[in-house]
Amino acid sequence: MCRHNQYFGVKASQDHVARREGGIIWHTQGSGKSLTMVWLAKWIRENVEDPRILIITDRTELDDQIEAVFKGVDEDIYRTSSGADLIATLNQANPWLLCSLVHKFGLGSDDDEKEDDQATEEFITELNASLPSDFSAKDNIFVFVDECHRTQSGKLHKAMTSLLPNAVFIGFTGTPLLKKDKQKSIEVFGGYIHTYKYNEAVADGVVLDLRCEARDIDQYVSSQKKVDQWFDINLNP
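Thresholds applied
- Residues numbered from 1 in each chain as written.
- Predicted model: local features only at pLDDT ≥ 70, side-chain atom pairs only at ≥ 80, totals over all residues.
- Heavy atoms only, no water.
- Pairing = 2+ DSSP bridges.
- Helix = DSSP H or I, 4+ residues; strand = E, 2+ residues; numbered from the N terminus.
- Contact = heavy atoms within 4.5 Å.
- Axes fitted to C-alpha atoms, helices over the stretch in contact; angles between N-to-C directions.
- Parallel < 35°, antiparallel > 145°, perpendicular 65-115°, else oblique.
- Left-handed = near helix turned anticlockwise from the far one by under 90°.
- Nonpolar A, V, L, I, M, F, W, Y, C, P; charged D, E, K, R; others polar.
- Buried < 20%, exposed > 50% of the residue type's maximum accessible area, 1.4 Å probe, protein only.
- Polar contact = N/O pair within 3.5 Å; in protein donor to acceptor, adjacent residues only side chain to side chain.
- Patch = residues over 30% accessible without salt bridge, like charges linked within 9 Å, V, L, I, M, F, W, Y side chains within 5 Å.
- Areas by Shrake-Rupley, 256 points an atom, 1.4 Å probe, with all protein chains shown as cover.
- Salt bridge = Lys/Arg side-chain N within 4 Å of Asp/Glu carboxyl O.
- Expected span 1.5 Å × (residues − 1).

Engineer: Any chance you could explain the sheet that holds strand β3 (residues 78-79) here in plain terms?
Structural biologist: By definition, the strands of a sheet pair up through backbone hydrogen bonds, in either a parallel or an antiparallel sense. In space, the 7 strands of this open sheet follow the order β3-β4-β2-β5-β6-β1-β7, with parallel pairing throughout. Edge positions in the sheet fall to β3 and β7 (192-196), since each has one partner strand and no second. Taken together, the 2 bridges between β3 and strand β4 (residues 97-101) define a ladder with parallel strand orientation. Within β4, the residue paired with arginine 79 across the bridge is cysteine 99. Across the face of the sheet, helix α1 (residues 4-18) comes into contact with β1 (23-27), β5 (140-146), β6 (168-173) and β7 while running at roughly 175° to β7.

Structure below.
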């Protein structure tokens, strides 16, 4: 059975899917976003003509997790082995459900934005040049982007949309964002489809509250001898 946040998250997503409109599902950490992906993918498969779901992660551990969650509910998900394998798989009609890693390109710092833009543009040019002449991502593709606040900056999203220009992108995250990152995520994916905030999850008993204990750490060092004496006293009572 799904939790209420997962149910209402999927219900809210259905309207976006019907309009072919992307957005962000912001559910706090520990609230079961992977299972939300499962139920949404199942609904899309049952209610959208010629659907395909591509789930993007940025770490092997998350790729492992996504694969295990879907196979745990008897959904056979194809895990791409390389960029070439991803292109080849998208260029055919099956399988309907697949997952893949996304890799970061560019330098990434604000000071190097111009160089980062250039690196991304070069990557997109190189990507398009390497595509088969008959390449066209088949069927009605929906892309679920896990941890979308960090895997899809505007530049990386541009690379993805150049490959999948007709896909609907739905971002999943539950990590507190800096103001500039929050705006970037909204610009890239669109507005919030559904939110389930940290305090709501704590009140529901889904996650534990954070407890911080302040400590006064003595950081005044007057001599190496006194440092050695402190360790002698505290580590060799």
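Engineer: Can you help me understand the packing of helix α2 (residues 33-47) against helix α3 (residues 60-72) in this one?
Structural biologist: The axes of two packed helices give the description: the angle between them and the distance between them. Two elements in contact, α2 and α3, have axes whose closest approach is 10 Å; the angle formed by their N-to-C orientations is 50°. Considered as vectors, α2 and α3 are oriented oblique to each other. The two elements α2 and α3 meet at a crossing, and its hand is right-handed. Where α2 approaches α3, its residues Ser34, Leu35, Met37, Val38 and Ala41 are matched on the opposing element by Gln65, Ile66, Val69 and Phe70. Its residues assigned to classes, the contact of α2 with α3 shows 7 nonpolar, 2 polar and no charged.

Engineer: Which parts of the structure should I look at to understand unusual backbone geometry?
Structural biologist: A negative phi angle characterises most non-glycine residues, just as the trans form characterises most peptide bonds. Across the junction of asparagine 94 and proline 95, the peptide omega takes the value 0°, indicating a cis bond. Looking at the secondary structure, you find proline 95 in the loop between α4 (83-90) and β4. Not every positive phi belongs to a glycine, and arginine 20 is a case in point at roughly 50°. Looking at where arginine 20 falls in the secondary structure, it is placed in the loop between α1 and β1. Its identity as a non-glycine residue notwithstanding, aspartate 50 has a phi of 50°, on the positive side. By the element assignment, aspartate 50 lies in the loop between α2 and β2 (51-57).

Engineer: What's the story with the side chain of histidine 16 in this structure? I'm lost.
Structural biologist: Take histidine 16: it is sitting in helix α1. With a relative accessible area of 11%, histidine 16 lands in the buried category. Of note is the side chain of histidine 16, whose polar atom sits 3.4 Å from the backbone oxygen of glycine 22. Contact partners of histidine 16, with chain neighbours within four places excluded, come to Glu21, Gly22 and Ile193.

Engineer: How should I be thinking about the environment of isoleucine 141 in this particular structure?
Structural biologist: Structurally, the position occupied by isoleucine 141 is in strand β5. Overall, isoleucine 141 belongs to the buried group, its relative accessible area being 4%. Taking the C-alpha atoms as reference points, isoleucine 141 and leucine 97, separated by 44 residues in sequence, lie 9.8 Å from one another. Excluding anything up to four places from it in sequence, isoleucine 141 contacts Arg20, Arg52, Leu90, Leu164, Ala167 and Val168.

Engineer: What am I meant to see in a nonpolar patch on the surface here?
Structural biologist: A surface patch of nonpolar side chains, amounting to about 350 Å² of accessible area, comprises Trp230, Phe231 and Leu235. For phenylalanine 231, the position within the fold is in helix α10 (residues 224-235). The exposure class of phenylalanine 231 is partly exposed, given its relative accessible area of 39%.

Engineer: For this particular structure, what's the right way to read α1?
Structural biologist: In an α-helix, one turn spans 3.6 residues; hence positions three or four apart end up facing the same way. For α1, with 15 residues, the first-to-last C-alpha span of 22 Å sits near the 21 Å given by 1.5 Å per residue. The complete set of buried residues in α1 reads Asn5, Gln6, Gly9, Val10, Ser13, Gln14, His16 and Val17. Contacts made by the buried residues of α1 are with β1, α2, β5, β6 and β7.

Engineer: For this particular structure, what's the right way to read the environment of phenylalanine 142?
Structural biologist: Along the chain, the position of phenylalanine 142 falls in strand β5. You can call phenylalanine 142 buried: its relative accessible area is 0%. C-alpha separation for the pair phenylalanine 142 and isoleucine 170, spaced 28 residues apart in sequence, amounts to 7.5 Å. Setting aside its immediate chain neighbours within four residues, phenylalanine 142 contacts Val17, Arg20, Ile44, Val48, Arg52, Ile53, Leu54 and Val168.

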